[in-house]
Amino acid sequence: MKKLVVLAIAITTMACQQNKIAYVDSVRIMDDYQEKVDVDARFQTKAEALTKKRDSISQAFQMELQQFQSKAQNMSQKNAQEEYSQLQQRGQQIGQQLQQEEQQLQQKSQAEMDSLVKKVKKEIRAYGKANGYTYILGGGDGGSVIYGDEAKDVTDAILKILNDKYEN
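Residues numbered from 1 in each chain as written. Predicted model: local features only at pLDDT ≥ 70, side-chain atom pairs only at ≥ 80, totals over all residues. Heavy atoms only, no water.

1. Description of the packing of helix α3 (residues 34-72) against helix α4 (residues 77-130)
- α4 packs onto α3 with a crossing angle of 175° between their chain directions and a minimal axis gap of 11 Å. The angle between α3 and α4 places the two elements in the roughly antiparallel class.
- Here the contact of α3 with α4 is built from residues that sort into 17 nonpolar, two polar and 16 charged. (Axes fitted to C-alpha atoms, helices over the stretch in contact; angles between N-to-C directions. Helix = DSSP H or I, 4+ residues; strand = E, 2+ residues; numbered from the N terminus. Parallel < 35°, antiparallel > 145°, perpendicular 65-115°, else oblique. Nonpolar A, V, L, I, M, F, W, Y, C, P; charged D, E, K, R; others polar.)

Put into structure tokens, the structure is as follows:
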């Protein structure tokens, strides 16, 4: 019985020694991955253009509304109400269109980010397989590694691979 217990302990110890474990700082990978930086910049530019468009349309609509208000003083109440109602409807349509454009931009941005996350995970898996790791854990804010020996941090190696592949 003692031999069986010793054998089980020896097998367990050998199995534990064969596990090769590393971790990556998930937040740093995404922050320093050049393709992600470029995607962020591209969508930031699009968001700024959309904001300028919204401001321009809003300003033009405000001017039109002011013109109506001065013109309305010389109109019958019925005509003024009808025209004001039409202006309100147009304003709502413009607002809905701009909101829809903003939502589409957000959806496209989210889809690209999801694609980048998949690409990063795929690269981490490939790195783990190629380098004989049993596990590569995610660290950083919200990660599962609270402490790790810096020698086991493969973040830089994976970042280099990702950025090299992106540049080529």
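2. Quick notes on the side chain of Asn163
- Considering the arrangement of structural elements, one finds Asn163 in helix α5 (residues 155-167).
- Given the relative accessible area of 15%, Asn163 is considered buried.
- A distance of 2.7 Å separates a polar atom in the side chain of Asn163 from the backbone nitrogen of Gln34.
- In this structure, Asn163 is in contact with Asp32, Tyr33, Gln34 and Glu35, ignoring residues within four places of it in sequence. (Buried < 20%, exposed > 50% of the residue type's maximum accessible area, 1.4 Å probe, protein only. Polar contact = N/O pair within 3.5 Å; in protein donor to acceptor, adjacent residues only side chain to side chain. Contact = heavy atoms within 4.5 Å.)

By themselves, these figures tell us nothing about what the structure is for.
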